[in-house]
Amino acid sequence: MEYKAFVGIDISKETIDVAVRTKTMKDAVHKQFENNSSGFKEMLAWTKKQTGINNAETFFCMEHTGVYCLPIACYLHQKELVYRLENPYHLKHSMGIQRSKNDKADAKMIAQYAYKNHEDLQPTQFSGENIIKLQTLLSHRERLVKTKKMYSVAPKELSEFTGEEIHSYISDVSQEVIALIESKIKDVEEEIKKLVNQDDGLKKNYELVLL
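Predicted model only: the values in this text are computed from it and were never measured. (Residues numbered from 1 in each chain as written. Predicted model: local features only at pLDDT ≥ 70, side-chain atom pairs only at ≥ 80, totals over all residues. Heavy atoms only, no water.)

1. Examining the pairing of strand β5 (residues 83-86)
Residues of β5 alternate between two faces, with Y83 and L85 on one and R84 and E86 on the opposite face, all of them buried. With four bridges connecting them, strand β4 (residues 58-63) and β5 associate as parallel partners. Paired with C61 across the two strands is R84, which belongs to β5. Where the polypeptide runs from β4 across helix α2 (residues 70-78) and back to β5, its parallel neighbour, the crossover connection is right-handed. (Buried < 20%, exposed > 50% of the residue type's maximum accessible area, 1.4 Å probe, protein only. Helix = DSSP H or I, 4+ residues; strand = E, 2+ residues; numbered from the N terminus. Pairing = 2+ DSSP bridges. Right-handed = clockwise from strand over helix to strand, strands pointing away.)

As structure tokens, then:
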């Protein structure tokens with residue numbers, strides 16, 4: 001298949017930096033989205049708007065960052081879109097690309113890498129019934145992360161309207177809940193790793209980050 005647009009994605013814990021370019025664009029354009037299903041949906045709408053090219057004719061490329069890249073990989077898989085989880089070593093050393101401290105610049109570098117190398121890059125494939133289990137675990141993790149964020153923000157919002165005693169009480173309780181949620185997030189991440197290790201297809205792709 002001949003791809004007409006190329007998307008580079010730099011992934012962090014809470015956000016993804018996305019850069020898109022085409023063969024006719026002089027430079028890639030960039031935008032940041034949340035690292036969750038809502039953010040991924042916005043990303044697809046944005047990339048199509050920027051290029052005028054259907055996402056089915058777009059090649060997505062991202063660095064394999066372990067658990068943080070799995071949500072978007074599953075999302076693209078579900079949408080039947082072509083993507084590549086690339087070995088960080090290859091990204092760092094191919095074409096003299098050097099990682100920067102700027103996520104925007106890194107996303108543009110990955111987009112350029114995809115543009116120049118897509119003909120030699122095999123799309124990543126997640127297969128088997130375990131993909132459904134993986135998506136379920138990732139959705140559960142996303143809900144936990146959202147709940148943690150809610151409890152992190154609440155005490156700050158209430159501080160303007162409550163006295164010091166009430167604010168202190170709510171802050172203490174919130175910290176206890178956050179600690180519990182963080183432990184549950186670690187638990188579900190361990191379950192994700194166990195599931196990945198049980199499936200040769202998932203394990204092969206997941207372990208790219210360790211090469």
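2. Quick notes on the layout of surface pockets
Volume-wise, the largest pocket comes out at about 760 Å³. As for the largest pocket, its lining consists of 27 residues, of which N35, N36, R141, E142 and V145 are closest to the centre. Of all the secondary-structure elements, those providing two or more residues to the lining of the largest pocket are α1 (37-51), α2, α5 (130-158) and α6 (164-198). Counting residues per element, the lining of the largest pocket draws most heavily on α5, at 10 residues. (1 Å grid on protein atoms, 1.4 Å probe; cavity = no way out; pocket = protein on both sides within 12 Å on 5 of 7 lines; lining within 4 Å. Points joined across faces, edges and corners; volume = space filled by probe spheres on them.)

3. Section: the sheet that holds strand β1 (residues 5-11)
Taken together, five strands build an open sheet; the order of strands is β3-β2-β1-β4-β5 and the sheet is mixed. The strands lining the two open edges of the sheet, one partner per strand, are β3 (29-34) and β5. Direction aside, neighbouring strands of the sheet carry axes that sit 20° apart on average. The sheet contact formed by β1 and strand β2 (residues 15-22) spans seven bridges and is antiparallel. Within the sheet, the bridge partner assigned to D10 lies in β2 and is D17. Strand contacts of α1: β1, β2, β3 and β4, with the helix running at about 165° to β3, the strand carrying the most contacts. The strands that helix α4 (residues 103-117) touches are β1, β2, β3, β4 and β5; relative to β1, the one it contacts most, it runs at about 140°. (Axes fitted to C-alpha atoms, helices over the stretch in contact; angles between N-to-C directions. Contact = heavy atoms within 4.5 Å.)

4. Examining unusual backbone geometry
Positive phi, close to 60°, is recorded for E80, a residue that is not glycine. Looking at where E80 falls in the secondary structure, it is placed in the loop between α2 and β5.

5. Focus: α2
Most of α2 is tucked away, with seven of its nine residues classed as buried. Among the residues of α2, those classed as buried are L70, P71, I72, A73, C74, Y75 and L76. Downstream of α2 by one or two residues, E80 has phi in the positive range, about 60°.

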